Amino acid sequence: MSVARPVLYLESNRDVHLSDARCLYHFSQAVIVVAIGIVLAKWATGIPEWRDVIATENGPVERLSAAVWFMGCIWCLGSAYSQRDLAIEWLSVAMFLLLFGLRELDAHVWATGWNLDKLANYWNPQYSLQERVLVMGLLFFLSLIVGWILRYRLCKAGRRAWSEGEAWFNHLLLGLGLLALCLTLDKVGPYGLLFFEISDSGQIFLMMIEEFLELVLSVFALVSLWPYLEQALLCPE
Amino acid sequence: MRYILRSWVCWVSLVAIGVVWGFPRFPYYQGWIPYGYELGGTALVLLYLSFGMGSLGMYGLIAGLNRWGATVSQNWKIIRIGFTSIVLASGFMWSYMKLMSLTLKLQ
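Computed from a predicted structure; not experimentally measured. (Residues numbered from 1 in each chain as written. Chains lettered and ligands numbered in written order. Predicted model: local features only at pLDDT ≥ 70, side-chain atom pairs only at ≥ 80, totals over all residues. Heavy atoms only, no water.)

Helix and strand counts for chain B come out as four helices and zero strands. For chain B, the sequential pattern of α-helices and β-strands runs α-α-α-α. For chain B, the C-alpha radius of gyration of 16 Å lies well beyond 13 Å, the compact-globule estimate for 107 residues. Counting only C-alpha atoms and orienting by the principal axes, one finds that chain B spans roughly 55 × 25 × 15 Å. The proportion of buried residues among the 107 residues of chain B is 51%. Looking at chain B alone, contacts between residues at least 24 apart form 74% of all its contacts between residues at least 6 apart. Within the structure as shown, chain B displays about 5,300 Å² of accessible surface, and the carbon and sulfur contribution to it stands at 71%. (Helix = DSSP H or I, 4+ residues; strand = E, 2+ residues; numbered from the N terminus. Rg over C-alpha atoms; globule rule 2.2 N^0.38 Å. Buried < 20%, exposed > 50% of the residue type's maximum accessible area, 1.4 Å probe, protein only. Contact = heavy atoms within 4.5 Å. Areas by Shrake-Rupley, 256 points an atom, 1.4 Å probe, with all protein chains shown as cover.)

Printed below as a string of structure tokens:
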């Protein structure tokens, strides 16, 4: 019996090709599903205030974001097992998704006692210089590993995708743009915007937008990966 | 039905119902603990991972029991992946309960 592969097909290792350009379509799908999901979450939990639904620690929206990151991580691990010749790519993506999920749950704070997001910690004399250097060294080491993976596994595919305007590259750019926006919104609230201080209600508003966009980002990442995941899982080697 | 089961919306919704509605009803679940205790945080991560494994396991079993364009040997492999995921999900949930009970005892 012949194998009917899904429409999208990874041709070979380091030769990623995705012909169906639907970046904004996927993004709008993610926004709509997230908006409906938040309304349903508010109804299901019975929390009266929108602020408490969207912008609280371990609230429904944060739980949803983390769940989607971890779900993506597990599905990528399944794909790595299923599609052995792309195992390194799948494991790299799974690692990224796991890190995003752990960051969503502030794992770095409760596991290490260090808030890696808080830039002021890096020049805070309250922490010993040795400790700060150690954390920065660890981050540098992790960046080197990520850089190595990107350099040797994705660089060629990335260059070709850039020159030929392939769709997965647009997904990647939009995802990185969203990530940068979320990080900016996260820092603008407490630190202010240049010379403007943000009021308390403004900070809560920015926090709500940031949590909403984080959830959109996680769903968008999963939607972008979905055709590849289906292909890997439905047509194992 | 096939298109619903193969869409990402179906599986994301399943996991979303699990974490929003299911989490607070889970044994030992204490929403504030993960932010104060390492063990509680680790337990919560295990619970999240178990939900991901559960969804992958169900997908594997459903995809394996349907053709969806694969050969019989491919279907067996998908079923194997699904079954293993469900077994691992059960193990992770058990670990979550052990860690949470330990965390609550340590308080």
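This next bit is on the packing of aromatic side chains. Applying the stated criterion to the full structure yields 13 aromatic pairs over all chains. On the basis of an interplanar angle of 80° and a centroid distance of 6.1 Å, the ring pair of Phe-27 of chain A and Phe-220 of chain A is categorised as edge-to-face. Remark: Phe-220 of chain A occurs in helix 8 (residues 200–234) and Phe-27 of chain A occurs in helix 1 (residues 23–45); sequence separation between them is 193 residues. A relative accessible area of 22% means that Phe-27 of chain A is categorised as partly exposed. Centroid distance Trp-226 of chain A to Tyr-59 of chain B: 6.4 Å. Interplanar angle 75°. Geometry classified as edge-to-face. Note that Trp-226 of chain A is positioned in helix 8 and Tyr-59 of chain B in helix 3 (residues 38–65), a pairing that runs across two chains. Following the ring pairs from residue to residue traces out a cluster consisting of Phe-70 of chain A together with Phe-23, Phe-26, Tyr-29, Tyr-48, Phe-51 and Tyr-96 of chain B. Here the basic side chain of Lys-42 of chain A rests over the ring of Trp-50 of chain A, its NZ or CZ set 5.0 Å away from the ring centre. The ring of Tyr-81 of chain A has Arg-84 of chain A sitting right over it, with the charged end atom 4.5 Å from the ring centre. (Phe/Tyr/Trp six-rings, centres within 6.5 Å; stacked < 30°, edge-to-face > 60°. Lys NZ or Arg CZ within 6 Å of the ring centre and 35° of its normal.)

The subject of this paragraph is the packing of helix 3 of chain B against helix 4 (residues 72–106) of chain B. All names here are of chain B. At a minimum axis separation of 7 Å, helix 3 and helix 4 run at an interaxial angle of 160°. Between helix 3 and helix 4, the angle falls in the class roughly antiparallel. Read as a crossing pair, helix 3 and helix 4 show a hand that is left-handed. Of the residues that constitute the contact of helix 3 with helix 4, the class distribution is 26 nonpolar, 12 polar and no charged. (Axes fitted to C-alpha atoms, helices over the stretch in contact; angles between N-to-C directions. Parallel < 35°, antiparallel > 145°, perpendicular 65-115°, else oblique. Left-handed = near helix turned anticlockwise from the far one by under 90°. Nonpolar A, V, L, I, M, F, W, Y, C, P; charged D, E, K, R; others polar.)

A few words on helix 3 of chain B. Taking 1.5 Å per residue as the helical rise, helix 3 of chain B with its 28 residues ought to reach 40 Å, and the 40 Å between its terminal C-alpha atoms agrees with that figure. Of all 28 residues that make up helix 3 of chain B, 21 are buried, and the element is covered over most of its length. (Expected span 1.5 Å × (residues − 1).)

All names here are of chain A. Within chain A, residue pLDDT values average 80, and 87% of them lie at 70 or more. Considering each helix and strand of chain A separately, the mean pLDDT is smallest for helix 6 (residues 129–164), with a value of 77, and largest for helix 3 (residues 60–82), with 92. The low-confidence segment residues 1–19, where pLDDT is below 50, has 47 contacts with residues more than four positions distant or belonging to other chains. (pLDDT = per-residue confidence, 0-100.)

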